[in-house]
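Here are the chains, one letter per residue:
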Amino acid sequence: MSPKDNRILVLDFGSQYTQLIARRVRENEVYSEILPWDIGEDRIKECNPKGIILSGGPESVTKSFTPRIPQICFDMEVPLLGICYGMQTLAEQCSGIVSASDAKEFGEAKLKIEQASKLFEGIDGSNLIDIWMSHGDKVTSMPKDFILIGSTESAPIAAIQHNTKDIFALQFHPEVTHTSIGPAIFTNFLFKICGCNKDWKIEDLITRKVEEIREQVGSNNVLLGLSGGVDSSVTAMLLQKAIGKQLYCMFIDNGLLRKNEVNQVKEIFEEKFDLNLKVVDASNIFLRHLKGVTDPEQKRKIIGRTFIDVFDNESLDLNCEIDFLAQGTIYPDVIESSVSESKEARIIKSHHNVGGLPQEMRMELVEPLRNLFKDEVRKVGKELDLPSELLNRHPFPGPGLGVRILGELTQDRLDALREADAIFIEELIAADFYDKVSQAFCVYLPVKSVGVVGDERRYADVIGIRAVETVDFMTAHWADLPYSFLSKVSSRIVNEIESISRVVYDISNKPPATIEWE
Ligand code: XMP
């Protein structure tokens, strides 16, 4: 048998925790790759992993036509670890019985270790252990040639292993922090069972990426649309390290950016890092195209299309031959596309990230961050000296302030919103709240409400403040900021911005509300 590559395959059955499993592996400095369960056997063979983790998933093996582990995973004779649905389908495929249950178990549980196992090495089994469960179905009859290694009160078959082979399965989730023995289970599986080495280190990774870029690009020139966000900034720094002045960056000011954003980008990339940077002030073009438009989806489309037109035109004026287009695509984007299509596919990030350009411009793509998670991208950026304010910035939507002004975009509204937003962010940083919330911003609500200035009544618009806490931006909770803090922000906004007479704080969770207002 050919030697295996030092990586772990995470076979995805649709769990919300799949990416977390892959990150837990990488935190142990072992590379992991996620592939959907129905990707096709060749692709799994090509991955050539030292071990496979089978994720959880929302389906029930008790129903027909639900996902199963492809035979190739057994044939490769590498260690397997099934988690939740991964355990259930593993058990079912090895002649065990899985029973559906109306009562779902969700939350903390206590694990009793029933028997010594390589998976539990170093874990003290004399007391019950805190673990985290989330399941409906469970294994009710042991699969053939398996032994019981752990149980809980409600799931008597909670952990099993094969008699002779390195096949293990857990009903609980070792990847979540509530499972106290999760880290030990991962290190046992990776190093004692799969025999992986720690070779996924950020410094080595940068060296490898630089070599790959040089090999791909040679002496040709590369164009990158810089947005000021983390992904495109780190892409720029990696390319700069690899090919220096063969990199051309373009930053398009669409007039929908935050206060001082253009200057910050110039300061960092032009002055500090001496990149070939072309800053294009296209704010008038964008505003002209957006005149009179009030529908949010229309606005998004116009902003995206105008971006492509401007990028396209300006790149023709660069006075040099461009052969490659760089993009800050990161791993979650790739997974999203491969899961939705169940085959590996490239996705072009929409909005700011030059959506649609490649085909039109017929350029080969350079995507050095394609296999990195966001936290790894940040580590690479830190290693390459990017300032932490940039690396730890809250996400900012591609259409920018365009989706934070309800109704028509006008210069006056944009100016007011930019000021209000800058005040809010400045106060969040000063009060040490900025890093405690996941995303914070202001929205402009063109609703006339009355205010009193001196002896005069004034009808002016409203600013909404939004701050949320979230892990994955799929769900979010409004941030419980102190009243005294909100009061200070509100006073500053109404005092410093003439066109605003009232400030409101958004206390809606997602769902049902979204994070943005449009
Ligand atoms: P929602 O509003 O859908 O936002 O709860 C979730 C996350 O996505 C960001 N967002 C966008 N990003 N283009 C983007 O690049 C968009 O059109 C867009 N809409 C929302 C939002 O800021 C939040 O982080």
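For every chain, the first residue of its written sequence is number 1, and the numbers climb from 1 along that sequence. At least 70 in pLDDT is required for a residue's local features to be given in this predicted model, at least 80 for side-chain atom pairs to be given and counted, and no such filter applies to totals for whole chains, interfaces and linings, which use all residues. Values reported for side chains reflect all heavy atoms of the structure, with hydrogen atoms and water molecules removed beforehand.

A.B. asks: Sorry, what's going on with the pairing of strand S6 (residues 105-113) here?
C.D. replies: Moving residue by residue along a regular strand, the side chains alternate between the two faces of the sheet. Looking at chain direction, S6 and strand S7 (residues 129-135) are connected through seven bridges and run antiparallel. Bridged to Gly107 within S7 is Met133. Pairing between strands is defined by DSSP: at least two bridges between them are needed. In this description a helix means any DSSP run of H or I spanning at least four residues, a strand means any run of E spanning at least two, and both kinds are numbered starting from the N terminus.

A.B. asks: Looking at this model, I keep getting lost on the side chain of Thr66. Mind explaining?
C.D. replies: Relative to the elements of secondary structure, Thr66 occurs in the loop between strand S3 (51-54) and helix H3 (71-75). By relative accessible area, which is 11% here, Thr66 ends up buried. Think of a polar contact as two N or O atoms within 3.5 Å of one another; within protein, one of them needs to be a possible hydrogen donor and the other a possible acceptor, and neighboring residues in sequence only count if both atoms come from side chains. Among the polar contacts listed, one links the side chain of Thr66 to the backbone oxygen of Lys63, at a separation of 2.9 Å. Contact between two residues is taken to exist if any of their heavy atoms lie within 4.5 Å; hydrogens are not considered. In this structure, Thr66 is in contact with Glu59, Ser60, Val61 and Tyr85, ignoring residues within four places of it in sequence. Relative accessibility thresholds used throughout: buried, under 20% of the residue-type maximum; exposed, over 50%; partly exposed, between the two (1.4 Å probe, protein chains only).

A.B. asks: Is there a simple way to explain the site of the ligand in this structure?
C.D. replies: In the region of the ligand, twelve residues are neighbours, and Arg300, Gln439, Lys510, Ile515 and Glu516 sit closest. In this structure, an oxygen atom belonging to the ligand sits 2.5 Å away from a side-chain N or O atom of Glu516. We call Asp, Glu, Lys and Arg charged. Ala, Val, Leu, Ile, Met, Phe, Trp, Tyr, Cys and Pro are nonpolar, and the rest, Gly among them, are polar. Of the residues in the shell around the ligand, the class split is five nonpolar, four polar and three charged. Whether a residue is near a molecule or strand depends on its heavy atoms: if one lies within 4 Å, it is near.

A.B. asks: Would you explain the packing of aromatic side chains in this entry?
C.D. replies: Here the distance between the centres and the angle between the planes together describe a pair of aromatic rings. Between rings of Phe, Tyr and Trp, where Trp is taken as its six-membered ring, a pair exists when centres lie within 6.5 Å; planes separated by under 30 degrees are stacked, by over 60 edge-to-face, and by other angles tilted. Applying the stated criterion across every chain yields a total of ten aromatic pairs. Look at Phe13 and Trp37: their rings are 6.4 Å apart centre to centre, the planes differ by 15 degrees, and that puts the pair in the stacked class. Placement of the pair is Phe13 in the loop between strand S1 (7-12) and helix H1 (18-27) and Trp37 in the loop between strand S2 (31-36) and helix H2 (41-47), with a sequence separation of 24 residues. Given a relative accessible area of 3%, Phe13 falls into the buried group. Classification of Trp37 by relative accessible area gives partly exposed; the value is 28%. Ring centres 4.6 Å apart and planes at 40 degrees place the aromatic pair Tyr31 and Trp200 in the tilted group.

A.B. asks: When you look at unusual backbone geometry in this model, what are you seeing that I'm missing?
C.D. replies: Note: most peptide bonds trans; most residues except glycine with negative phi. In this model, Lys510 is joined to Pro511 through a cis peptide bond whose omega is -15 degrees. The residue Pro511 is located in the segment after strand S20 (500-505) in this model. Residue Pro512 is reached from Pro511 by a cis peptide bond, and omega for that bond is 5 degrees. Summarising the element assignment, Pro512 is placed in the segment after S20. Even without a glycine there, the phi angle at Phe65 is positive, about 60 degrees.

A.B. asks: Any chance you could explain the sheet that holds strand S15 (residues 324-326) here in plain terms?
C.D. replies: Pairing between the strands of a sheet is mediated by backbone hydrogen bonds and can be parallel or antiparallel. In space, the five strands of this open sheet follow the order S14-S13-S12-S15-S16, with parallel pairing throughout. Sheet topology places strand S14 (276-281) and strand S16 (364-366) at the edges, where each strand pairs with a single neighbour. The average undirected angle you get between the axes of adjacent strands in this sheet is 30 degrees. Across three bridges, the pairing between S15 and S16 is parallel. Residue pairing in the sheet places Ala326 in a bridge with Val366 of S16. All axes are obtained by fitting lines to C-alpha atoms, using only the stretch in contact for helices, and the reported angles, taken between N-to-C directions, cover 0 to 180 degrees. Contacts between helix H6 (residues 202-217) and the sheet are confined to strand S12 (222-226), S15 and S16, with S16 contributing the most and set at about 165 degrees to the helix. Those strands touched by helix H8 (residues 261-272) are S12, strand S13 (247-253) and S14, and its axis lies near 165 degrees from that of S14.

A.B. asks: I would appreciate a short explanation of the packing of helix H15 (residues 411-430) against helix H16 (residues 483-496) in the present structure.
C.D. replies: The description of two helices packed together rests on the angle between their axes and the distance between the axes. In the contact formed by H15 and H16, the axes pass within 10 Å of each other and the chain directions differ by 150 degrees. On the basis of the axis angle, H15 is roughly antiparallel to H16. Considering only the axes of H15 and H16, their crossing is right-handed. Side by side, H15 and H16 meet where Ala420, Ile423, Phe424, Glu426, Glu427 and Leu428 of the first sit next to Phe485, Lys488, Val489, Arg492, Ile493 and Glu496 of the second. Residue composition of the contact of H15 with H16, by class: seven nonpolar, no polar and five charged. Comment on the angle field: the value is read as roughly parallel under 35 degrees, roughly antiparallel over 145, roughly perpendicular from 65 to 115, and oblique elsewhere. A crossing counts as left-handed when the near helix is turned anticlockwise from the far one by less than a right angle, and as right-handed when that turn is clockwise.

A.B. asks: I'm lost on the nonpolar core in this one. Help?
C.D. replies: As a rule of thumb, soluble globular proteins bury nonpolar side chains together. Joining through side-chain atoms within 4.5 Å is the link that ties buried Ala, Val, Leu, Ile, Met, Phe, Trp, Tyr and Cys residues into a set, and such a set is a nonpolar core. One finds Ile252, Phe424, Leu428, Ile463, Ala467, Leu481 and Ile493 to be the most contacted residues of the largest nonpolar core, which totals 50 residues. For this core, the elements supplying multiple residues, two or more each, are S13, helix H9 (283-290), helix H10 (296-316), H15, strand S17 (439-453), strand S18 (456-469), H16 and S20. Residue contributions to this core peak at eight residues, all from H15. Once residues lying within four places of it in the same chain are set aside, the contact partners of Leu428 are Phe433, Tyr434, Ala440, Leu481 and Phe485.

A.B. asks: When you look at the packing of H6 against helix H7 (residues 230-243) in this model, what are you seeing that I'm missing?
C.D. replies: In contact at an axis separation of 9 Å, H6 and H7 are set at 65 degrees when each is read in the N-to-C sense. When the axis of H6 is compared with that of H7, the two are roughly perpendicular. For the pair H6 and H7, the sense of crossing is right-handed. Each of Ile206, Lys209, Val210, Ile213, Arg214 and Val217 in H6 lies in contact with H7, whose residues at this interface are Leu238, Leu239, Lys241, Ala242 and Ile243. Of the residues that constitute the contact of H6 with H7, the class distribution is eight nonpolar, no polar and three charged.

A.B. asks: Explain H10 to me, please; I cannot follow it from the model alone.
C.D. replies: Since the α-helix packs 3.6 residues into each turn, any two residues three or four apart lie on the same face. Take the residue count of a helix, subtract one, and multiply by 1.5 Å to get its expected span. Spanning 21 residues, H10 covers 31 Å between terminal C-alpha atoms, matching the ideal 30 Å at 1.5 Å per step. Among the residues of H10, Lys299, Arg300, Ile302, Ile303, Gly304, Thr306, Phe307, Ile308, Val310, Phe311 and Ser315 are the ones counted as buried.

A.B. asks: Would you mind showing me how to read the sheet that holds strand S10 (residues 159-162) here?
C.D. replies: If you walk across this open sheet you meet the nine strands as S2-S1-S3-S4-S11-S10-S9-S6-S7, and the pairing is mixed. The open sheet is flanked by S2 and S7, the only strands paired with a single partner. When strand polarity is set aside, the average angle formed by the axes of neighbouring strands in this sheet is 30 degrees. Lying on the sheet, helix H4 (residues 85-93) is in contact with S3, strand S4 (80-83), S7, S10 and strand S11 (167-170); it crosses S4 at an angle near 115 degrees. Taken strand by strand, helix H5 (residues 182-193) contacts S1, S3, S4 and S11, and its axis lies near 150 degrees from that of S3.

Note that all results are geometric; they support no functional claim without further evidence.
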